[in-house]
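Summary of structural features
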Amino acid sequence: MRHLLSMRDLDRDGVLSILDTAASMHDVQRREVKKLPTLRGRTVVNLFFEDSTRTRSSFEIAGKWLSADVINISGKGSSTSKGESLRDTVLTVAAMGVDGLVIRHHASGAARQVSQWVDASIVNAGDGMHEHPTQALLDAYTMRRALGDLAGRHVAIVGDLTHSRVLRSNLICLSRLGARVTVVAPPTLMPSGIGTWAAAEGFETSYDLDAVLPTADAVMMLQVHTVICHPGPMNRGLEIAADAADAARSLILDQVSAGVAVRMSVLYHLLAGGSAEPAARS
Ligand code: CP
């Protein structure tokens, strides 16, 4: 794997390989000394043109725990705010000898475009309304830890489906893992052409959350009888009730924790150059 631009870059075996590596990376989080030598001598730049708490900080931690040199550049405070184009910014950063570039940008397709300009491995950390593949991977990782194999499990994804890049990546990822997915939203928040999309990708749609909940094993957002996932940032009271966000069955902070392990795994798969998987359990 050279880049991670979309969940479509990974087939079922690719997804499972990332999740299995993430499981061994997750053990590092519980160690006193949180450091593996795997990416020593590699340089990773986090280039964020959109605000982020979870993704940027977990990619920074992931790179540092793998011993890479990690540099953070944000749109605000960089020369893009003086008018420099995305292409010139990316070429400038790449010319400094970067091995991996993690990019978040408000334009759909930005990560793929950047991958055509530079030799570095590119990770899409969220591009407009298109995709957020590492979010889908950490969601799958978290649900597998709670529920086991996701094949045949029923996942409901609830909310603003029209504008969600998390939805798009999750639909692909969960389909790779054999889960049954129902997307739930009021008609105003259902993407146009959802019927054709659902038929092509093999998921179900509903306007009626109450009808879906009894068979759901996991719900992204809302309700407390099942495990609850939310990618964050949470708008409490609008997207999710506080008692659901803080419920014992809420996995929201487990998702954040998994984000570091999954992003370590992605950096390892992109940048370790075929070196043997680190014996993270030793
Ligand atoms: N889920 C997610 O992408 O969160 P951030 O915007 O905080 O990175």
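This text goes with the structure placed above it.
Now for a description of the structure that goes with this document.

What counts, and at which threshold
Residues numbered from 1 in each chain as written. Predicted model: local features only at pLDDT ≥ 70, side-chain atom pairs only at ≥ 80, totals over all residues. Heavy atoms only, no water. Helix = DSSP H or I, 4+ residues; strand = E, 2+ residues; numbered from the N terminus. Buried < 20%, exposed > 50% of the residue type's maximum accessible area, 1.4 Å probe, protein only. Areas by Shrake-Rupley, 256 points an atom, 1.4 Å probe, with all protein chains shown as cover. Lys, Arg positive; Asp, Glu negative; His and termini not counted. Charge placed at Lys NZ, Arg CZ, Asp CG, Glu CD. 1 Å grid on protein atoms, 1.4 Å probe; cavity = no way out; pocket = protein on both sides within 12 Å on 5 of 7 lines; lining within 4 Å. Points joined across faces, edges and corners; volume = space filled by probe spheres on them. Nonpolar A, V, L, I, M, F, W, Y, C, P; charged D, E, K, R; others polar. Near = heavy atom within 4 Å. Polar contact = N/O pair within 3.5 Å; in protein donor to acceptor, adjacent residues only side chain to side chain. Sits in = over half its atoms within 2 Å of the grid points.

Some words on the overall build of the chain
Scanning the chain from terminus to terminus reveals 10 helices and 9 strands. Along the first, second and third principal axes, the C-alpha atoms of the chain reach 55 × 50 × 35 Å. The buried share among the 282 residues of the chain stands at 54%. Accessible area for the chain stands at about 12,200 Å²; split by element, carbon and sulfur atoms hold 50% of it. The averaged location of the 29 negative side-chain charges in the chain is 5 Å from the averaged location of its 28 positive side-chain charges.

Side note on the layout of surface pockets
Once rolled over the atoms, a probe with the size of a water molecule shows which space is left empty. Of the pockets and cavities examined, the largest pocket occupies roughly 790 Å³. In this structure, the largest pocket is lined by 29 residues; those nearest its centre are Ser164, Val166, Pro231, Gly232 and Glu239. Elements that contribute at least two residues to the lining of the largest pocket include exactly α2 (54-65), β5 (154-158) and α6 (165-176). Of all the elements, α6 adds the most residues to the lining of the largest pocket, at 3 residues. Each residue belonging to the lining of the largest pocket can be placed in one class, and the counts come to 12 nonpolar, 11 polar and 6 charged. Estimated volume of the second largest pocket: approximately 170 Å³. If you trace the second largest pocket, you find 13 residues lining it, with Met234, Ala245, Ser250, Ile252 and Leu253 closest to the centre. Sort the elements by how many residues they give to the lining of the second largest pocket and helix α10 (residues 252-271) lands first, with 4 residues.

Here we look at the site of the ligand
Surveying the vicinity of the ligand reveals the residues Ser52, Thr53, Arg54, Thr55, Arg104, His132, Gln135, Pro231, Gly232 and Pro233. Here an oxygen atom of the ligand sits 2.6 Å away from a polar atom, N or O, in the side chain of Ser52. In the environment of the ligand, an oxygen atom lies 2.9 Å from a nitrogen or oxygen atom belonging to the side chain of His132. Look at the ligand: alone it shows 260 Å² of surface, and the protein chains cover 93% of it. In a pocket analysis with a 2 Å cut-off to the grid points, the ligand is assigned to the largest pocket. Per-class residue counts for the shell around the ligand are 2 nonpolar, 6 polar and 2 charged.

Shape is all these values report; function is a separate question.
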